[in-house]
There are 2 protein chains.
Amino acid sequence: MQEISQLHAIFDRTRGYINRFMGIIQPIIDAAQDEHTRLYYHHILEEEEQRMGRLQELIPYLESLAAENKTDKLSDRELSQMLSDINLERFGLHNFREHLELSLYEFQDDATRQVLDGMREKTHEDYLHVKEMMATLSSRFSDVYQADLTDHDEGHDIHQVDHLKASASAPHGVASVIKHSPAPTPAKKGLTVGSLKGK
Amino acid sequence: MQEISQLHAIFDRTRGYINRFMGIIQPIIDAAQDEHTRLYYHHILEEEEQRMGRLQELIPYLESLAAENKTDKLSDRELSQMLSDINLERFGLHNFREHLELSLYEFQDDATRQVLDGMREKTHEDYLHVKEMMATLSSRFSDVYQADLTDHDEGHDIHQVDHLKASASAPHGVASVIKHSPAPTPAKKGLTVGSLKGK
């Protein structure tokens with residue numbers, strides 16, 4: 001099943017993006033002047049931390065399936081479970097794209113905005129790709145798995161908005177008062193909000 | 001397994017809360033004056049819509065297990081899957097509590113703030129209860145399931161903040177310019193962001 005290798009590559013990329021995103025957002029939490037701002041970014045980071053936890057299990061699993069060509073040997077229940085896990089991460093990619101879009105409204109410096117928007121663009125592509133693969137796989141294995149392929153995007157104008165453009169004239173957020181390197185160094189893999197906070 | 005009935009009651013309650021929350025938040029999206037505000041609440045509602053989709057499958061499943069006393073007959077894999085699904089909804093309750101806390105910063109009228117804070121308080125209790133039950137269940141079934149019982153709350157001062165108090169003096173949000181009934185009528189079950197939007 002060639003899709004497994006492609007899915008593995010996508011989830012491995014987004015895992016790297018989570019670490020990079022955490023490195024950009026943690027300073028905002030540390031510098032926040034009010035509880036609302038702190039809670040807001042803390043919440044976003046916590047959701048990404050939960051996603052990271054799931055990916056840390058799913059990525060090696062997909063890797064072992066691809067390497068040992070074991071997909072054909074999965075039981076119906078294992079196959080169904082794998083497709084369900086992948087579908088959950090389809091939503092994860094969608095939500096991450098929105099976390100990136102929301103963050104664009106915080107940063108005014110072009111370097112950080114370009115990093116965020118680059119991740120946003122690739123994440124959107126990855127989301128669409130996973131969605132497409134899920135449709136193929138759930139059609140192929142319709143006897144064991146019925147995917148909820150709901151696309152909550154439909155009918156929402158908000159997804160047609162160019163948030164890079166819309167955020168360009170947004171009021172300066174807390175990011176404008178903190179010092180950060182223009183091209184943030186990706187955080188080490190596996191760091192948590194807690195461990196980053198202690199730095 | 002008496003925990004199943006308790007978990008069913010908790011997830012059934014939070015399903016009702018999601019509908020009530022959607023009824024409160026949708027007018028904010030409709031009245032939003034800028035793309036950031038629209039994206040922000042749209043994003044929160046979309047995540048709750050995803051959670052609703054999962055609960056719509058989990059709740060009847062738990063109900064059938066409890067009614068027919070079938071838990072003992074589950075295979076190891078089915079048991080492991082059920083515990084994994086419950087653990088995901090533990091995070092779901094945690095994230096919902098934060099969505100409620102974040103929303104407190106939007107509303108200035110006491111009636112809506114009390115509704116939000118009431119749901120927040122009960123959701124926090126439910127979260128702690130599910131966490132406790134997960135610890136018990138994953139210890140009892142440690143041969144088939146290893147729960148990730150990470151509590152991302154630890155070490156985060158933000159969770160010690162009384163957001164009802166902190167939000168009382170927050171700047172007025174878009175909620176201050178829209179008309180809404182003081183005690184919002186719960187939305188009908190099963191409504192989506194899309195269908196609410198069309199109203």
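Above this text is the structure in question.
Here's a quick rundown of the structure. Note that the coordinates shown come from a computational prediction; the quantities given were computed from them, not determined experimentally. (Residues numbered from 1 in each chain as written. Chains lettered and ligands numbered in written order. Predicted model: local features only at pLDDT ≥ 70, side-chain atom pairs only at ≥ 80, totals over all residues. Heavy atoms only, no water.)

What follows covers the interface of chain B and chain A. In this assembly, 37 residues from chain B lie in contact with 37 residues from chain A. Taken together, the links from chain B to chain A amount to two salt bridges. Applying the counting criterion to the chain B and chain A interface returns twelve residue pairs in polar contact (both at pLDDT 80 or more). Counting residues per element, the ones that place at least two in the side of chain B that touches chain A are α2 (35-68), α3 (76-104), α5 (163-168) and α6 (193-197) of chain B. (Contact = heavy atoms within 4.5 Å. Salt bridge = Lys/Arg side-chain N within 4 Å of Asp/Glu carboxyl O. Polar contact = N/O pair within 3.5 Å; in protein donor to acceptor, adjacent residues only side chain to side chain. Helix = DSSP H or I, 4+ residues; strand = E, 2+ residues; numbered from the N terminus.)

This part covers the environment of A:His43. Mapped onto the elements, A:His43 comes out in helix α2 (residues 35-67). Excluding residues that lie within four positions of it along the chain, A:His43 makes contacts with B:Glu47, B:Asn95, B:Glu98, B:His99 and B:Leu102. Reaching out from A:His43, the side chain makes a polar contact with the side chain of A:Glu47 at a distance of 3.0 Å.

A word on the packing of helix α3 (residues 76-104) of chain A against α2(B). Put simply, α3(A) and α2(B) touch, their axes get as near as 10 Å, and they point 165° apart. Here α3(A) is positioned roughly antiparallel relative to α2(B), judged by the angle of their axes. Note on packing geometry: the crossing formed by α3(A) with α2(B) is left-handed. Contact residues: A:Leu88, A:Phe91, A:His94, A:Asn95, A:Glu98, A:His99, A:Glu101 and A:Leu102 in α3(A); B:His36, B:Leu39, B:Tyr40, B:His42, B:His43, B:Glu46, B:Glu47, B:Gln50 and B:Arg54 in α2(B). Across the contact of α3(A) with α2(B), the residue classes break down as five nonpolar, seven polar and five charged. (Axes fitted to C-alpha atoms, helices over the stretch in contact; angles between N-to-C directions. Parallel < 35°, antiparallel > 145°, perpendicular 65-115°, else oblique. Left-handed = near helix turned anticlockwise from the far one by under 90°. Nonpolar A, V, L, I, M, F, W, Y, C, P; charged D, E, K, R; others polar.)

Once that is clear, we can look at unusual backbone geometry. Even without being a glycine, A:Asn69 presents a positive backbone phi close to 50°. For A:Asn69, the location among the structural elements is in the loop between α2 and α3.

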